[in-house]
4 protein chains.
Amino acid sequence: MTDKEYALFEERQQARGIDLNTVKEKMKSLKIETPSWGFGDSGTRFKVFKNRAAARTPYEKLEDATEVHRLTGLCPSVAIHIPWDKTDSYEKLRRHAESLGISIGAINPNLFQDEEYMLGSVTNANAAIRRKATDHLLECVDIAKITGSRDVSLWFADGTNYPGQGDIRARKGWMQESLAEMYKAMSPEMRMLIEYKFFEPAFYHTDLADWGMAFNLANKLGPQAEVLVDTGHHAQGTNVEHIVAYLIDECRLGGFHFNSRKYADDDLIVGAINPYELFLIFYQIIDASADANPAIRDTVNKIAYMIDQSHNIEPKIEAAIRSVLNVQTQYAKALLIDLEEVREAQERQDVLGAEAAVRKAFEFDVAPLLESLREEQGLAPNPMEAYKSSSYAKRVGERG
Amino acid sequence: MTDKEYALFEERQQARGIDLNTVKEKMKSLKIETPSWGFGDSGTRFKVFKNRAAARTPYEKLEDATEVHRLTGLCPSVAIHIPWDKTDSYEKLRRHAESLGISIGAINPNLFQDEEYMLGSVTNANAAIRRKATDHLLECVDIAKITGSRDVSLWFADGTNYPGQGDIRARKGWMQESLAEMYKAMSPEMRMLIEYKFFEPAFYHTDLADWGMAFNLANKLGPQAEVLVDTGHHAQGTNVEHIVAYLIDECRLGGFHFNSRKYADDDLIVGAINPYELFLIFYQIIDASADANPAIRDTVNKIAYMIDQSHNIEPKIEAAIRSVLNVQTQYAKALLIDLEEVREAQERQDVLGAEAAVRKAFEFDVAPLLESLREEQGLAPNPMEAYKSSSYAKRVGERG
Amino acid sequence: MTDKEYALFEERQQARGIDLNTVKEKMKSLKIETPSWGFGDSGTRFKVFKNRAAARTPYEKLEDATEVHRLTGLCPSVAIHIPWDKTDSYEKLRRHAESLGISIGAINPNLFQDEEYMLGSVTNANAAIRRKATDHLLECVDIAKITGSRDVSLWFADGTNYPGQGDIRARKGWMQESLAEMYKAMSPEMRMLIEYKFFEPAFYHTDLADWGMAFNLANKLGPQAEVLVDTGHHAQGTNVEHIVAYLIDECRLGGFHFNSRKYADDDLIVGAINPYELFLIFYQIIDASADANPAIRDTVNKIAYMIDQSHNIEPKIEAAIRSVLNVQTQYAKALLIDLEEVREAQERQDVLGAEAAVRKAFEFDVAPLLESLREEQGLAPNPMEAYKSSSYAKRVGERG
Amino acid sequence: MTDKEYALFEERQQARGIDLNTVKEKMKSLKIETPSWGFGDSGTRFKVFKNRAAARTPYEKLEDATEVHRLTGLCPSVAIHIPWDKTDSYEKLRRHAESLGISIGAINPNLFQDEEYMLGSVTNANAAIRRKATDHLLECVDIAKITGSRDVSLWFADGTNYPGQGDIRARKGWMQESLAEMYKAMSPEMRMLIEYKFFEPAFYHTDLADWGMAFNLANKLGPQAEVLVDTGHHAQGTNVEHIVAYLIDECRLGGFHFNSRKYADDDLIVGAINPYELFLIFYQIIDASADANPAIRDTVNKIAYMIDQSHNIEPKIEAAIRSVLNVQTQYAKALLIDLEEVREAQERQDVLGAEAAVRKAFEFDVAPLLESLREEQGLAPNPMEAYKSSSYAKRVGERG
């Protein structure tokens, strides 16, 4: 049945002027980085449930990530977290990854789990603690050089819980000072990705609270500093795709931490709560990918797509597979938008026509396209089922 | 200087028709329960910072609570959490509290920290887990009988993270079933306080998501079931004092869990983020306390005021002192509202006049009143300073 | 191509155990009421743009509604607003509707546009204004009797803008008093639908602020009073489908006012901003429609689906067509959920399996199903295109 | 009694090291601009209630504003709106204002009430409409030159209601293009104040949605472009005082539109819903006013404080008086913060100490200070009462 479905699907798309071979080429270049910490235990402040199948060592994490890549063809790199993935030799870690057929992706410093960081890391009023935090950033730059990672991803828990607790403007200056030092240490091909967050764990003010603060900081630091958008780090109602389009237009969108939220930073599986929003994010990206300005096209090409979730009740590997397939699905749909049709409707001020031109692509069932693509790539048509019946799943099930 | 200030303050209030002796009598009857868990370590999902001064045993917790009561005169009882405060003999625990001059307050079951409760406790699709959860509720009723506690406080983490994960209506039925069984086990003078929460740790749906669900359940169970309002458990923008007034009018407001929030369930010190909201809550309560309907007056009299916060970066005992003083301060201000003035302005449709009549009471500096009251009660005029210079503080500082 | 597509679609659904004939039968019974005021000019507080094609008289409104029904087969009734649709003879209006092949639907009183209602209608502190408001409600009951309308839909703008402005509990009592009087006036087959709203135009407190207040009031009034859910009247993040499931379980869900929102009560075209939410609402409804309890099934059968939007920049009739097709699309998708598959996954505590069982139905492209259905109903396969090329559209374009 | 109260108040402040004469000097330099449109009728999309006392002509508006200044000594200038205050001769208008003892303040272009602006003004896809909009901006620059206004305040309703409706990045470019042209037309002492808004009347995306977009645009335009913060234009939970501190630190805070909100852009009387937030905004401003960096001090000195509210149910002049007094009250309280005490607590990492050092100033009752100040300024001690008993109030009451 699948063949017939694909044939019909192709016929319908051709009739709309959409060439599926072009679509498939673009889909083959989609890469989504999984995080090593996504394969270990995580949870809420109330309880971290022990997941029998969770990876217990950095090695197991890399292997789990490799399995996700083997099944989906989408995840050739793994982000690591220092010190969670601390090891004697990052050279060895790099070779281990390579031996598995993947690579080490973004390096993620941790500046929130040391007792000294209770009132801030790079924005702590205590200069010695700021020094320590900056040193950790420099250490991560060094690690990135060894692992061959292009990106160092920065998320800061820094902020305050009460009015008056901290000197907001002084902290702003300290943040800039620390990152300027780190910036200088990077080699020319490296990038610093600056993440922002609306709140949590700080509940009064967060030093980098929104895209504007991350963006302004990146601007001051230089062209190798870019903004990282975590889809769960905004106020309710925020139009995330607007921010995405804006940052691309400024050539400052470095990448994503993908996940879903309904309330706060819920860190659920990406695309599970509001799939249309994910589609609309890709619509902005794809629209910009054909921009006349080469700097904008270059920005789009370098976007790092990364998963960052907290699987509290989900089995880890299944959750990772589900996540990357959700991303792939919405990306595929967005590629089916007839951008010319949209533009024409916009130009003739046809509100409903322009909206419909975007929306219709979301309504297509892309299952035939995805299955055909996987066949071309030598993958199982349904990665989730393939995983469940794999010997790997059986082995993982016996962990712990 | 204080005497002069009080005299002037009294003069001004008398000129408005407010009798401070009446105000003081009401203030003397204010009781705020502290939670045993507020004296131990707590934090966010990112990190629980070790607070050197945190209580390490149930005994230390009771002693810390006693110290807070000794200094403020406001906290004659302590809520306990089962199993965090599990002990061989609750009879002994009760006597220990009594020997300290305080009593055991509300019993708080814990239905979220056992591995089996990952997908729900009383609303779990597995009947055996529901049975276990209900048994724990019955155990807490038994404990309450021993400790002499009037109230059992119920908060459920139960809910789902994804659409389709659970059968929302079946879970609603299971919740009712379990609580009906518990209800029957209570003795006639006991109360079941049902708490609701907008979200967290469940991120798609929470079985008791708002006051309406808790209220409807209480209605079905019977007159000993009432609603517990946690000031941090609402959607952004929710008018909490409206809910308070509504529940009083329905004679179903059982009590409060006080804390502050700016974003989600931030669990900061009550009154620290939006003190006017706390004042407006007390305005509704005080307004109802003089109602012609004795059932409403009775409801007001039985309201249990409890603190429930998560002190992540604050020293525990200071945070508790600060919290109860914040509550006392806003209560005092609300008692200075001239309710007759408000009513007259409301009746003549004078919007700004009615608003001003309420607001002006918030603007008074009640420090002279509080100091005079403490003097009458034989307390130090400034409980926080008294604590800091106490031998107790010194001993606590040497903990851990 | 369509026939082949439908055949393939049917084949795939059959393989899943879904019988499309049953689905189609259910789809044929879907009725969505359009509002007369949706065909006239509307806007924001900043500007009401003159839409050349807007209906100018009640007669034109009925005709526009008829055209939408003619094209979609979904809209056999029109809600009217008193006094916007005030007329000498409602008997005549009824006959006019009947002559067009439609009927008069819900009667909507207006208690917010008279100068006297500035500080409240049925909750005004002035008894004479409350009397006037109640009389208007009684008038609407009388009109409903003449027009043969089953439902009277109540939305109140009543609330306050400032703390202290109104006596919250007194207003609660006045609301109940007024509606009790109206309730008595209804004939046995009539229903009172009580709408709630989080805020606007009242900005401090709204007398009926959430489903809980509307539900409690309906409970007190009697079985003919039910709750009306407007999808745009909730706090950010609110799980609307949870409320829907809850109200069905209590046999108190009377109907919907459908529209979309991203921020506040944006009143955009339903299904345009978050289509998955609309699908999940229908999932709850369809799940309950097969309940063992006949009272629940009966509640589901009587749900009134109504559109209530404010088309600020959209052409009116196209917007109405688009709206009802969006509803039909999500309803069709929800009918493709294999409820048994969901239930089994829920029972074996398979979080991702249960979620996927619901979600997969959303991913189907139901265009072949809808086109096949329309063919059976004798409708054009694409109602929007049919409208655009119709003589009616041409005539409407020449209005104003 | 007042004299005694002031003496005691002064004594207490002196004991804290606060010199009231310095405080009074600062208070005397506080200027709050009222908007001409605040004296006319306004409302919600549901109804604009006719306020008998509303000003009917630009002349009456200036006179009402003059009366507010006469009573409070706080409002020496009035913002005007073009074309609402359109007149034959702005030279004449300027002289009229001067004859009343006030001046014309910020010029506010209107780019949302012309039919052509339905889908955008300076971001409209139609170049002719963009031209028209830009011309209006240039006209406003010309008017400012005549009226002697330093500031032109820009708020754009521009945005879209549906995904796909507009080309987000193209619109961003058009906005910049238009403002660059306007920027060039300004004389060197003029400023362009760029306002942002989270949403409304656009409900999908707003072209200038947050401070980051306004800030980035100002940065690109040049030093005469600054950001205007409207306190009601943020997402729920946003820490407005953080944004204020941030913009001051970047020397880009041009001014405020003050008002209160609990939900969306409610436009209620400033300081009425969350007075502590207003106090905390002034805390950041006062803290920066003593900065070592002269550019920051200069930024603070040039902040334009403006009221922008929509009085739906309030009498206009009373609402204006109330508003500016609320601002003055919180400003006075913030001046009582002992900044040194705060800083020391911050440096010793004393969370509760730092918070208390800020908060204690909020708790002072500044009535004695305000009355003493007014006496020095030759004003009535209670401006609201003075107004109510004035002949002006009587005359205004007879309007309409």
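Note that this is a predicted model, so its numbers are computed, not measured. (Residues numbered from 1 in each chain as written. Chains lettered and ligands numbered in written order. Predicted model: local features only at pLDDT ≥ 70, side-chain atom pairs only at ≥ 80, totals over all residues. Heavy atoms only, no water.)

Visitor: It is not clear to me how the UniProt feature "domain: Xylose isomerase-like TIM barrel" (unreviewed entry) in chain A should be interpreted in this structure. Could you clarify?
Guide: Residues given the UniProt feature "domain: Xylose isomerase-like TIM barrel" (unreviewed entry) here are residues 81–266 of chain A. Helix makes up 38% of residues 81–266 of chain A and strand makes up 18%, while its end C-alpha atoms are separated by 20 Å. (UniProt positions renumbered as here; feature names shortened; annotations may be inferred. Helix = DSSP H or I, 4+ residues; strand = E, 2+ residues; numbered from the N terminus.)

Visitor: For this particular structure, what's the right way to read the pairing of strand β1 (residues 32–35) of chain A?
Guide: Moving residue by residue along a regular strand, the side chains alternate between the two faces of the sheet. Residues and elements named next belong to chain A. Side chains Ile32 and Thr34 of β1 all project onto a buried face; the interleaved residues Glu33 and Pro35 project onto the opposite face, where all are buried too. One ladder, built from two bridges, connects β1 with strand β10 (residues 304–307); its direction is parallel. The residue bridging Glu33 from the neighbouring strand is Met306, located in β10. Across two bridges, the pairing between β1 and strand β2 (residues 77–82) is parallel. By the bridge assignment for β2, Pro35 is matched with Ala79. Regarding the hand of the β-α-β motif, the stretch spanning β1, helix α3 (residues 58–72) and β2 is right-handed. (Buried < 20%, exposed > 50% of the residue type's maximum accessible area, 1.4 Å probe, protein only. Pairing = 2+ DSSP bridges. Right-handed = clockwise from strand over helix to strand, strands pointing away.)

Visitor: Sorry, what's going on with the interface of chain A and chain D here?
Guide: Reports often express the size of an interface as the amount of accessible area lost when the parts come together. Between chain A and chain D, the contact holds 54 residues from the first and 54 residues from the second. Together, the buried faces of chain A and chain D total about 4,500 Å²; carbon and sulfur atoms form 55% of this surface. In terms of surface lost to chain D, no three residues of chain A exceed Arg169, His242 and Gln349 of chain A, which account for 16% of the buried area on that side. One can count 12 salt bridges joining chain A with chain D. Ionic pairing is found between Glu250 of chain A and Lys172 of chain D, a salt bridge with its closest N-O pair at 2.6 Å. Summed over the shared surface of chain A and chain D, the result is 26 residue pairs in polar contact (both at pLDDT 80 or more). Elements with a contribution of two residues or more to the side of chain A that touches chain D: α6 (168–185), β7 (205–206), α7 (211–221), α8 (240–249), α9 (275–289), α12 (339–347) and α13 (351–363) of chain A. Looking at the side of chain A that touches chain D, the element that brings in the most residues is α7 of chain A, giving seven residues. A breakdown of the residues in the side of chain A that touches chain D according to their chemical character gives 23 nonpolar, 18 polar and 13 charged. (Contact = heavy atoms within 4.5 Å. Buried area = accessible area lost by both parts, 1.4 Å probe. Salt bridge = Lys/Arg side-chain N within 4 Å of Asp/Glu carboxyl O. Polar contact = N/O pair within 3.5 Å; in protein donor to acceptor, adjacent residues only side chain to side chain. Nonpolar A, V, L, I, M, F, W, Y, C, P; charged D, E, K, R; others polar.)

Visitor: What exactly am I supposed to notice about the relation of the copies chain A and chain C here?
Guide: Relating one copy of the chain to the other requires a rotation about an axis plus a shift along that axis. Least-squares fitting of chain A to chain C yields an RMSD of 0.0 Å, with the transformation described by 0.0 Å of translation along the axis and a rotation of 180°. Here the transformation between the copies is reduced to the relation of a two-fold axis. Closest approach to the rotation axis among the C-alpha atoms of chain A is made by Asp365 of chain A, whose C-alpha sits 2.5 Å away. Here 100% of the interface residues in chain A have copies in chain C that are interface residues too; the copies meet face to matching face. (Least-squares fit on C-alpha atoms with pLDDT ≥ 70 in both.)

Visitor: Whenever I open this one, the interface of chain A and chain C confuses me. Can you help?
Guide: With 37 residues of chain A at the interface, the matching set in chain C holds 37 residues. The interface formed by chain A and chain C holds seven salt bridges in total. Glu5 of chain A serves as the salt-bridge partner of Arg12 of chain C, at 2.6 Å between the closest nitrogen and oxygen. The tally of links between chain A and chain C comes to eight residue pairs in polar contact (both at pLDDT 80 or more). A per-element tally of the side of chain A that touches chain C places α13 of chain A first, with seven residues. In terms of residue class, the side of chain A that touches chain C is made up of 16 nonpolar, eight polar and 13 charged.

Visitor: Sorry, what's going on with the environment of Ala272 of chain C here?
Guide: Residue placement: Ala272 of chain C occurs in the loop between β9 (253–258) and α9 (275–289). What makes Ala272 of chain C buried here is its relative accessible area of 1%. It is 17 Å that separates the C-alpha atoms of Ala272 of chain C and Gly38 of chain C, two residues lying 234 residues apart in sequence. The residues contacting Ala272 of chain C, other than those within four sequence positions of it, are Tyr276, Glu355 and Arg359 of chain A, Ser260 and Asn326 of chain C together with Tyr162 and Pro163 of chain D.

Visitor: What is the right way to look at the relation of the copies chain A and chain D in this model?
Guide: Superposing chain A onto chain D takes a rotation of 180° plus a shift of 0.0 Å along the axis, which leaves an RMSD of 0.0 Å. Interface overlap between copies is the fraction of interface residues in one copy that are interface residues in the other; for chain A against chain D it reaches 100%, indicating a shared surface.

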